[in-house]
Amino acid sequence: MIVGVPKEIKNNENRVGLTPAGARELIKRGHPVYVQQTAGENSGFPDIAYEAVGARLLPTIEEIYQIADMIVKVKEPIEPEYPLVRKGQLLFTYFHFASEEKLTRAMMKSGAVCLAYETVENPDRSLPLLIPMSEVAGRMSVQEGARFLEKPQGGKGILLGGVPGVKPARVLVLGGGVVGYHAALMAAGTGADVTIADISLPRLRFLDEVMPANVKTLYSSIHNIELELPFTDLVIGAVLIPGAKAPHLITRSMLQLLQTGSVLVDVAIDQGGCFETSRPTTHAEPTYAVDGIVHYCVANIPGAVPQTSTLALTNATLPYVLKLAEKGWEQACSEDKGLSLGLNVVDGKIVYPGVAEAFPELIEN
């Protein structure tokens, strides 16, 4: 199978879908790899590194899509790429279809096989291809939240960890999954006063056992969230319903409970966002304010640290890429139920329940 790795063209997306080490493993097994020139440069992988392992370079994204049986990338295709996707072509990447009707319609029209990283599952229902980027995004959310709490950035001018004689900032993490866990851990490491909320009591018990002493757990409900907001400086939105739109846990009216200059970081923005006032932003223009509250809603947070992110992502995706290349998507998915759950759109039809629920009008009767 011919594998193509295009250069990411989403705003400030510096990651690349495959490292030279990953390309080497495919080539060793007889699968040609074509990489668009400079695709890996921003992740620390120059063209010469791909050539050294036997990958072939092509100058344009059009050539990559034209030659490849399987496209391996990081982010969903954006509008300039829609016409390049071919019928029957396998696309293996993050899609987050449930929050993108235009993308969903385009991929249905293309007739391609869209296998989404974010809905591939392990037998224990964990999400092996979402976990590494969730780990990065969780840690980055606190790093970015701390930056935008600074007064020159529009924040209230507070240091997360405080100093002797001055109380630390208060951080509320909504969601106790992978993103929430790493966000809480990172915030706790700065010395902040952290509360992590979730609706799963078993998960809260686990978090209560493993988290540092400056992290408290809270059952997540609208009432409890409203009680926390007046005393909270930074809110991290970290909820996830695999393959479906995120619920709005903070509404527009609830913003008045926060102090001016407080910061909301919506890590769930890829799935539509968990704050009612969220809308996608970019690394070039990462924030905006609503009612005096700073919103950070960058849709590709890990793209800011591409060296770390690309290595972590390829570590997770490569075993699946190899399986798909060697067996084809139909056999690979028939043998691996967890991989088959990654199928979202196939030959013009939505096949993943969460996406179907988001767009019932796109489902044939």
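Engineer: Help me get a handle on the overall build of the protein, residues and values and all.
Structural biologist: Broken down by element type, the protein carries eleven helices and 15 strands. A compact globule built from 365 residues should have a C-alpha radius of gyration of about 21 Å, and the protein, at 21 Å, falls within 12% of that. Principal-axis analysis of the C-alpha atoms places the extent of the protein at approximately 65 × 50 × 35 Å. Across the 365 residues that make up the protein, the buried fraction comes to 55%. Put simply, 63% of the contacts in the protein that link residues at least 6 apart link residues at least 24 apart.

Engineer: Describe in detail the sheet that holds strand β3 (residues 56-58), supporting the description with residues and values.
Structural biologist: What the eight strands build is an open sheet, ordered β3-β2-β1-β4-β5-β6-β14-β15; its pairing is mixed. Looking at the sheet topology across the chains shown, the edges are occupied by β3 and β15 (349-350). Looking at chain direction, strand β14 (residues 343-346) and β15 are connected through two bridges and run antiparallel. Paired with V346 across the bridge in β15 is K349. Where helix α9 (residues 306-335) meets the sheet, it contacts β4 (70-72), β5 (90-93), β6 (113-116) and β14, and its direction lies at approximately 150° from that of β5.

Engineer: Lay out the pattern of salt bridges in plain terms, naming residues and giving numbers.
Structural biologist: Within the structure shown, the criterion is met by 20 salt bridges. Among the ionic pairs, E25 bridges to R29, the shortest N-O distance being 2.8 Å. A relative accessible area of 22% means that E25 is categorised as partly exposed. Taking relative accessible area as the criterion, R29 reaches 37% and is therefore assigned partly exposed. Each member of the salt-bridge network shares a partner with another, and the members are K10, K75, E76 and D270.

Engineer: Summarise the side chain of E228; cite the residues concerned and give the values.
Structural biologist: For E228, the position within the fold is in helix α8 (residues 222-228). On the basis of relative accessibility, which here comes to 17%, the residue E228 falls in the buried class. Once residues within four sequence positions are removed from consideration, E228 is found in contact with R170, L172, T195 and L218.

Engineer: Can you break down the packing of helix α5 (residues 131-148) against helix α6 (residues 178-190) residue by residue, with the values?
Structural biologist: Where α5 meets α6, the axes come as close as 7 Å, and the angle between the chain directions of the two elements is 35°. Here α5 and α6 pass one another in a crossing that is right-handed. On the side of α5, the interface is formed by I131, S134, E135, G138, R139, S141, V142 and Q143, while α6 contributes V178, V179, H182, A183, L185, M186 and A187. Split by residue class, the contact of α5 with α6 holds eight nonpolar, five polar and two charged.

Engineer: Break down the sheet that holds strand β7 (residues 170-174) for me, with residues and values.
Structural biologist: Taken in spatial order, the seven strands line up as β9-β8-β7-β10-β11-β13-β12 in an open sheet, and their pairing is mixed. Both outer strands of the open sheet, β9 (215-219) and β12 (287-290), are each paired with one neighbouring strand and no more. Strand-to-strand, the axes of this sheet are offset by a mean angle of 20°, without reference to chain direction. Where β12 lies against strand β13 (residues 293-296), four bridges are found, and the strand directions are antiparallel. Opposite Y288, over in β13, you have H295 as the bridge partner.

Engineer: Break down the nonpolar core for me, with residues and values.
Structural biologist: Grouped together as the largest cluster of nonpolar side chains are 71 residues, with contacts concentrated most on V33, L115, V171 and V194. Here V194 is in contact with V171, V173, A184, A187, A188, N214, V215 and K216, once residues within four sequence places are set aside. In terms of nonpolar packing, the next biggest core, distinct from the first, is built from 26 residues, Y82, L91, F359 and L362 among them.

Calculation criteria
- Residues numbered from 1 in each chain as written.
- Predicted model: local features only at pLDDT ≥ 70, side-chain atom pairs only at ≥ 80, totals over all residues.
- Heavy atoms only, no water.
- Helix = DSSP H or I, 4+ residues; strand = E, 2+ residues; numbered from the N terminus.
- Rg over C-alpha atoms; globule rule 2.2 N^0.38 Å.
- Buried < 20%, exposed > 50% of the residue type's maximum accessible area, 1.4 Å probe, protein only.
- Contact = heavy atoms within 4.5 Å.
- Pairing = 2+ DSSP bridges.
- Axes fitted to C-alpha atoms, helices over the stretch in contact; angles between N-to-C directions.
- Salt bridge = Lys/Arg side-chain N within 4 Å of Asp/Glu carboxyl O.
- Left-handed = near helix turned anticlockwise from the far one by under 90°.
- Nonpolar A, V, L, I, M, F, W, Y, C, P; charged D, E, K, R; others polar.
- Core = buried A, V, L, I, M, F, W, Y, C linked by side-chain atoms within 4.5 Å.

The values are spatial; any link to function lies outside them.
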